[in-house]
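The chain contents come next:
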Amino acid sequence: MPAITLPDGSVRQFAAPVTGTAVAASIGPGLARAALAMEVDGRLVDLGHEIDADSRVVFVTRRDPQSLGLIRHDVAHVLAEAVQGLYPGTQVTIGPAIENGFYYDFARNEPFTPEDFPAIEARMREIVARNASFTREVWPRDEAIAFFEARGERFKAELIRDLPEGEPISIYRQGEWLDLCRGPHMRGTGDVGNAFKLMKVAGAYWRGDHRNPMLTRIYGTAWRDAGELEAHLHQIEEAERRDHRRIGREMDLFHIQEEAVGSIFWHPKGWRLYTVLQDYMRRIQSAHDYVEVRTPQLVDRSLWEASGHWENYREHMFIAEVGDAGEAEDRKLSLALKPMNCPCHVQIFKHGLRSYRELPLRMAEFGACHRYEPSGALHGIMRVRAFTQDDAHIFCTEDQVAAETARFVAMLAQVYRDLGFDSFVVKFADRPDNRAGDDATWDRAEAALVEACRLAGVGYELNPGEGAFYGPKLEFVLRDAIGRDWQCGTLQVDYVLPDRLDASFIGEDSARHRPVMLHRAILGSFERFLGILIEQYAGRFPLWLAPVQVVVASIVTDAEPYALEVVDRLKRAGLVVQADTRNEKINAKVREHSLARVPVILVVGRKEAEARTVAMRRLGGAAQELLDLDEAVRALADEALPPDLKRVGRDHVAELT
RNA sequence: GCUGCUGUAGCUCAGUGGUAGAGCACUCCCUUGGUAAGGGAGAGGUCCAGGGUUCGAGUCCCUGCAGCAGCACCA
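Every chain is numbered on its own, with residues counted from 1 as its sequence reads. Each chain gets a letter, beginning with A, and each ligand a number, beginning with 1, in the order they are written. For this predicted model, a pLDDT threshold of at least 70 governs which residues receive local features, and a threshold of 80 or more governs which side-chain atom pairs are given and counted, while totals over whole chains, interfaces and linings are taken from all residues. By convention in this description, side-chain values take in all heavy atoms of the structure and omit both hydrogens and water.

For chain A, the name recorded in an unreviewed UniProt entry is Threonine--tRNA ligase, with Lichenicoccus roseus as its organism. UniProt positions are given in the numbering used here, feature names are shortened, and annotations may be inferred rather than shown by experiment. As stated in UniProt under Subcellular location (unreviewed entry), the record for chain A gives "Cytoplasm".

Listed below in structure tokens is the structure:
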């Protein structure tokens with residue numbers, strides 16, 4: 001006698017166990033047509049699922065965002081059927097729904113290519129049009145294994161074998177074709193609709209492990225209707241348009257070449273961007289009571305052995321062997337380019353006796369690090385082998401961890417706001433499998449960080465097993481202008497390294513104590529963050545960041561002396577300005593500098609030269625504003641002030657008044 | 001690192017085994033103009049590198065390097 005409670009609070013009684021299909025039909029023909037699946041007590045199941053106990057039921061229709069997951073999962077099955085129909089002998093493995101779409105991994109000797117897509121998509125559309133019902137069956141484990149093995153589907157058989165004992169082996173049929181699947185599915189293949197598109201092929205390791213064979217994966221995107229699909233494809237174009245590698249070339253910011261793979265040649269404009277950001281960070285850190293240091297690039301192997309990096313990351317370190325070829329191995333110097341700054345910072349901390357009165361000691365370095373990243377990981381300036389971190393280590397007592405965490409989060413939030421990011425989320429990454437330090441130490445470190453978050457009022461989601469090898473960490477994830485997430489900031493609690501490197505301070509009790517180390521960064525690496533900034537702004541930077549802030553364009557040769565005077569005035573006001581007095585029409589100049597993403601163009605002709613004015617045109621706008629030269633210089637100089645200096649100016653004024 | 005794709009002028013890209021191409025950018029000349037391309041001329045090549053097949057290779061084959069996408073990795 002199941003009593004079913006609906007979202008509006010109404011309750012329906014049924015005399016016997018009943019399927020979702022029947023419940024929907026009892027409510028009305030409209031819902032019966034629209035319902036794709038349902039949630040029973042919060043669990044998403046097929047409409048064919050039989051409800052035999054009192055429960056709360058919510059029907060999922062196409063309108064519901066949840067339907068996207070169903071559509072994407074179902075279309076993955078449709079893809080698999082199409083592929084097996086077209087390419088006999090291809091083994092199926094898994095095919096989940098993912099963000100924006102789905103994929104299916106196939107085992108086949110011959111990899112797929114995008115040229116196969118039209119045929120596969122055509123077959124998929126046939127399968128959707130046929131609208132075969134999805135039907136669920138539960139098979140005995142042995143039978144299922146035997147069935148798939150007999151078909152040569154050894155990957156499926158392996159999946160079933162590894163399913164936990166007691167887990168039902170559910171099989172979904174869609175017409176002639178069937179697949180092992182946990183479900184749930186919609187009513188039939190027709191519910192998928194036509195708003196899907198195959199996107200790309202790629203290799204992917206079986207079960208995500210690089211020791212396993214590589215499968216061939218087909219990615220697709222799928223949506224509820226053509227409008228959503230169109231919007232998604234547009235979003236991809238938008239991301240390509242913002243690609244920092246493309247903008248870096250177009251704006252002449254940097255380049256990379258074969259002789260220095262993974263390192264960046266910063267051109268003048270790119271370097272200006274870099275230094276503006278670095279100067280800003282230096283001021284912010286100083287305002288937050290950090291001291292800045294500089295430590296060596298090349299450090300003897302013994303320090304990395306002591307820190308544990310040699311053991312954990314040797315393969316990814318650049319090593320320099322120095323000494324004659326004939327010299328005995330143990331006489332040679334073995335130096336490593338530092339992959340991190342922390343062991344060096346500990347050396348400074350250890351240099352001389354430290355008092356508890358010096359804590360918390362916040363030691364910052366724009367630390368240039370080198371890591372031998374795998375070739376496939378390199379990506380523009382975002383993932384490189386030579387980079388500079390906005391790194392700092394806070395040496396403190398256990399009691400100070402919470403306050404330091406709160407302080408850091410406030411500082412980080414300010415920086416992100418200043419740089420144009422309105423929101424970020426925090427993830428808590430706890431102990432990884434491969435780690436240094438005993439479990440008791442990890443218990444303490446994790447507890448301290450949890451408590452610090454509580455006191456700082458920082459909410460987070462858990463990211464299990466993703467901590468650093470020496471400690472748990474908070475990860476700060478930005479969302480950019482087109483909705484992509486970037487992990488940038490980090491705060492790591494470390495009880496291990498001070499111990500391994502024997503750092504200590506003298507406490508109030510005159511005894512030696514171990515400091516706790518907080519590793520923290522806000523930007524992460526300048527290289528990567530600048531890549532993110534370029535994409536965030538699509539190269540159209542706010543004035544304070546723009547590598548060229550103003551171009552003064554003359555209309556006629558007669559106005560050239562005045563144009564140069566305007567340039568000079570702006571330069572003296574601290575702006576980065578260029579004159580464009582070339583023999584070109586003003587249309588061409590405006591077009592060129594607009595394409596170069598210069599935020600402000602000042603146009604000067606005879607009229608402006610006579611009246612000592614400038615015609616200001618903003619990037620992206622067609623309007624012009626006629627301003628007195630003095631007024632324009634003052635306004636632009638003020639606007640070009642970095643946000644932290646603007647605040648200082650305001651506070652200063654507030655103090656005086 | 002793995003799988004697949006790609007590599008031709010500064011950039012974007014054509015190129016059928018038979019003399020290396022276009023547009024933009026660049027240089028020069030004409031033009032002095034009012035807010036997203038004025039006109040003309042010129043210059044510019046290790047066709048990623050090495051090997052092979054061929055009378056002949058940018059083109060076909062092999063190896064390497066680099067880039068791109070995804071996977072794996074990211075202290």
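Now that the structure has been shown, we can carry on.
Q: I'd like a description of the overall build of chain A, backed by residues and values.
A: Here a helix means four or more residues in a row that DSSP labels H or I, a strand means two or more in a row labelled E, and each is numbered from the N terminus. For chain A, the helix and strand inventory stands at 21 helices and 35 strands. Per-residue burial over chain A gives 49% buried out of 657 residues. Calculation of accessible area relied on Shrake-Rupley with a 1.4 Å probe; when residues are assessed, cover is drawn exclusively from the protein chains displayed. Carbon and sulfur atoms provide 50% of the accessible area of chain A, an area that totals close to 31,500 Å². Both charge centroids of chain A, one from 81 positive and one from 100 negative side chains, sit 4 Å from each other. Any residue under 20% of the maximum accessible area for its type is buried, any over 50% is exposed, and the rest in between are partly exposed; the area is computed with a 1.4 Å probe on protein chains only. Two residue types count as positive, namely Lys and Arg, and two as negative, namely Asp and Glu; His and chain ends fall outside the count. A charged residue contributes its charge at one atom only: NZ of Lys, CZ of Arg, CG of Asp or CD of Glu.

Q: I'd like to hear about the confidence of the model for chain A, residue by residue, with values.
A: Chain-level pLDDT for chain A is 94 on average; 98% of the residues reach the 70-or-more range. Across the interface, the model reports ipTM at 0.95; the global pTM reads 0.93. What pLDDT conveys is the predictor's confidence in a given residue, as a value from 0 to 100.

Q: Mind laying out the environment of Gly 248, listing which residues take part and the relevant values?
A: Within the element layout of this structure, Gly 248 appears in helix α8 (residues 244–250). In this structure Gly 248 comes out as buried when scored by relative accessible area, which is 0%. Along the backbone, Gly 248 and Lys 269 are 21 residues apart, and their C-alpha atoms lie at a distance of 9.6 Å. Ignoring anything within four residues of it in the chain, the contact list for Gly 248 reads Leu 253 and Phe 254. Residue contacts follow a heavy-atom distance rule, with two residues in contact if any of their heavy atoms lie within 4.5 Å.

Q: Mind laying out the pattern of salt bridges, listing which residues take part and the relevant values?
A: The term salt bridge refers to a side-chain nitrogen of Lys or Arg lying within 4 Å of a carboxyl oxygen of Asp or Glu. This structure, assessed with the given rule, holds 46 salt bridges. Taking the shortest distance from any N to any O, the salt bridge between Glu 451 and Arg 454 comes out at 3.0 Å. Of the two residues, Glu 451 and Arg 454 are both situated in helix α14 (residues 439–456); the distance of three residues between them amounts to about one turn of the helix. By relative accessible area, which is 34% here, Glu 451 ends up partly exposed. Classification of Arg 454 as exposed rests on a relative accessible area of 58%.

Q: Summarise the pairing of strand β24 (residues 424–429); cite the residues concerned and give the values.
A: When β24 meets strand β26 (residues 473–479), the two strands line up antiparallel, connected through six bridges. Paired with Lys 427 across the bridge in β26 is Glu 475. A right-handed crossover is one whose linking path, passing over the helix from the first strand to the second, runs clockwise when the strands point away from the viewer. Once you follow β24 into α14 and on to strand β25 (residues 461–463), the crossover reads as right-handed. Note on pairing: DSSP must find at least two bridges between two strands before they are called paired.

Q: Let's hear about the protein's contact with RNA strand B: which residues, and what values?
A: Residues in close proximity to RNA strand B total 53 residues, the closest being Tyr 205, Ser 375, Thr 557, Asn 583 and Glu 608. The rule for a residue being near a molecule or strand is that one of its heavy atoms must lie within 4 Å of it. Here RNA strand B approaches the protein such that, of its atoms within 4 Å, sugar and phosphate make up 49%. With respect to RNA strand B, the side chain of Tyr 205 contributes an N or O atom lying 2.4 Å from a base nitrogen. Counting of polar contacts relies on pairs of N or O atoms within 3.5 Å, with two restrictions inside protein: one atom must be capable of donating a hydrogen and the other of accepting it, and residues adjacent in sequence are counted only when both atoms are side-chain atoms. At a separation of 2.8 Å, a base oxygen of RNA strand B approaches a polar side-chain atom of Arg 383. Counting residues per element, the ones that place at least two in the surface near RNA strand B are β14 (196–205), β15 (214–222), α8, α11 (309–313), α18 (586–595), α19 (606–611) and β34 (613–618). The element best represented in the surface near RNA strand B is α18, accounting for seven residues. Put simply, Ala, Val, Leu, Ile, Met, Phe, Trp, Tyr, Cys and Pro go in the nonpolar bin, Asp, Glu, Lys and Arg in the charged bin, and everything else, Gly too, in the polar bin. Looking at side-chain class alone, the surface near RNA strand B contains 22 nonpolar, 16 polar and 15 charged residues.

Q: I'd like a rundown of the UniProt feature "domain: TGS" (unreviewed entry) in chain A, residues and numbers included.
A: Here, the residues flagged by UniProt with the feature "domain: TGS" (unreviewed entry) are residues 1–61. Secondary structure across residues 1–61 comprises 23% helix and 43% strand; the distance between its end C-alpha atoms is 26 Å.

Q: Could you give me a rundown of the UniProt feature "binding site: Zn(2+)" (unreviewed entry) in chain A, with the residues and numbers involved?
A: UniProt records the feature "binding site: Zn(2+)" (unreviewed entry) at Cys 342, His 393 and His 519, using the numbering of this structure. Their sequence span is 178 residues, while the largest C-alpha to C-alpha distance among them is just 7.6 Å; these annotated residues converge on one region. Apart from the residues within four sequence positions on either side, Cys 342 is in contact with His 309, His 393, Leu 497, Met 517 and His 519. With respect to the secondary-structure elements, His 393 resides in strand β23 (residues 386–396). Exposure remark for His 393: the relative accessible area of 0% places this residue in the buried category. In this view, His 393 contacts Asn 341, Cys 342, His 345, Leu 361, Arg 362, Met 363, Met 517, Leu 518 and His 519; residues no more than four positions away in its chain are not counted.

Q: Tell me about the state of the cysteines, residues and numbers included.
A: Cysteine sulfur atoms that pair up within 2.5 Å are treated as a disulfide. In total, this model carries zero disulfides according to the counting rule given. Of all cysteine sulfurs, the one in Cys 369 lies closest to Cys 342, which takes part in no disulfide; the gap is 8.5 Å. Given a relative accessible area of 0%, Cys 342 falls into the buried group. Looking at Cys 488, it has no disulfide partner, and the nearest cysteine sulfur is the one in Cys 369, 16 Å off.

Q: Describe the sheet that holds strand β21 (residues 333–337), and please don't skip the residues or the numbers.
A: Taken in spatial order, the three strands line up as β19-β21-β20 in an open sheet, and their pairing is antiparallel. The open sheet has two free edges, formed respectively by β19 (298–300) and β20 (319–322), since each of these has just one partner strand. Neighbour to neighbour, the strand axes of the sheet diverge by 35 degrees on average, direction disregarded. One ladder, built from three bridges, connects β19 with β21; its direction is antiparallel. Looking at the pairing, Leu 298 lines up with Leu 337 of β21. Each axis is a line fitted through C-alpha atoms, and for a helix only the stretch in contact is used; angles between axes span 0 to 180 degrees, taken between their N-to-C directions.

Q: Hey, could you go over the environment of Val 477 for me, with residue numbers and the actual values?
A: With respect to the helices and strands, Val 477 occurs in strand β26. Note: C-alpha distance between Val 477 and Gln 487 (10 residues apart in sequence) is 4.1 Å. Among residues more than four places away in sequence, those in contact with Val 477 are Ser 423, Phe 424, Val 425, Lys 427, Asp 485, Trp 486 and Gln 487.

Q: Can you break down the nonpolar core residue by residue, with the values?
A: Looking at soluble globular proteins, one finds that nonpolar side chains tend to be buried together. One finds Tyr 416 and Phe 529 to be the most contacted residues of the largest nonpolar core, which totals 65 residues. Ranked by residues supplied to this core, first place goes to helix α13 (residues 401–418) with eight residues. Those residues in contact with Phe 529 that sit more than four places away from it in its chain are Leu 277, Tyr 416, Leu 419, Phe 421, Leu 478, Cys 488 and Leu 523. Among buried residues, those of type Ala, Val, Leu, Ile, Met, Phe, Trp, Tyr and Cys that are joined through side-chain atoms within 4.5 Å constitute a nonpolar core. Core analysis: the second largest hydrophobic core is formed by 30 residues, Val 78, Val 92, Ile 218 and Ala 222 among them.

Q: Can you tell me about helix α20 (residues 629–639), naming the residues and giving the values?
A: The set of residues buried in α20 consists of Leu 629, Ala 632, Val 633 and Leu 636. Buried residues in α20, looked at end-on, bunch into an arc of 100 degrees, giving them a common side. By definition, the arc is the one covered by directions from the helix axis to the C-beta atoms.

Q: How would you sum up the packing of aromatic side chains? Please name residues and give values.
A: Any Phe, Tyr or Trp ring, taking Trp's six-membered ring, that has another such ring centre within 6.5 Å forms a pair; planes under 30 degrees apart are called stacked, those over 60 apart edge-to-face, and the others tilted. Counting across every chain of the model gives 23 aromatic pairs. With a centroid separation of 4.8 Å and 70 degrees between ring planes, the pair formed by Phe 155 and Trp 206 is classed as edge-to-face. With a gap of 51 residues between them, Phe 155 in helix α6 (residues 154–162) and Trp 206 in the loop between β14 and β15 connect regions that are remote in the sequence. The burial state of Phe 155 is the same as that of Trp 206; both residues are buried.

Q: Go over a nonpolar patch on the surface, please, and point to the residues and values.
A: The grouping of Val 450, Tyr 460 and Leu 462 at the surface amounts to a nonpolar patch, some 260 Å² of accessible area in total. Position of Tyr 460 among the secondary structure elements: in the loop between α14 and β25. Residue Tyr 460 is classed as partly exposed on the basis of its relative accessible area of 33%. The patch calculation keeps residues exceeding 30% relative accessible area without a salt bridge and links them within 9 Å when they carry like charges or within 5 Å when they are nonpolar (Val, Leu, Ile, Met, Phe, Trp, Tyr).

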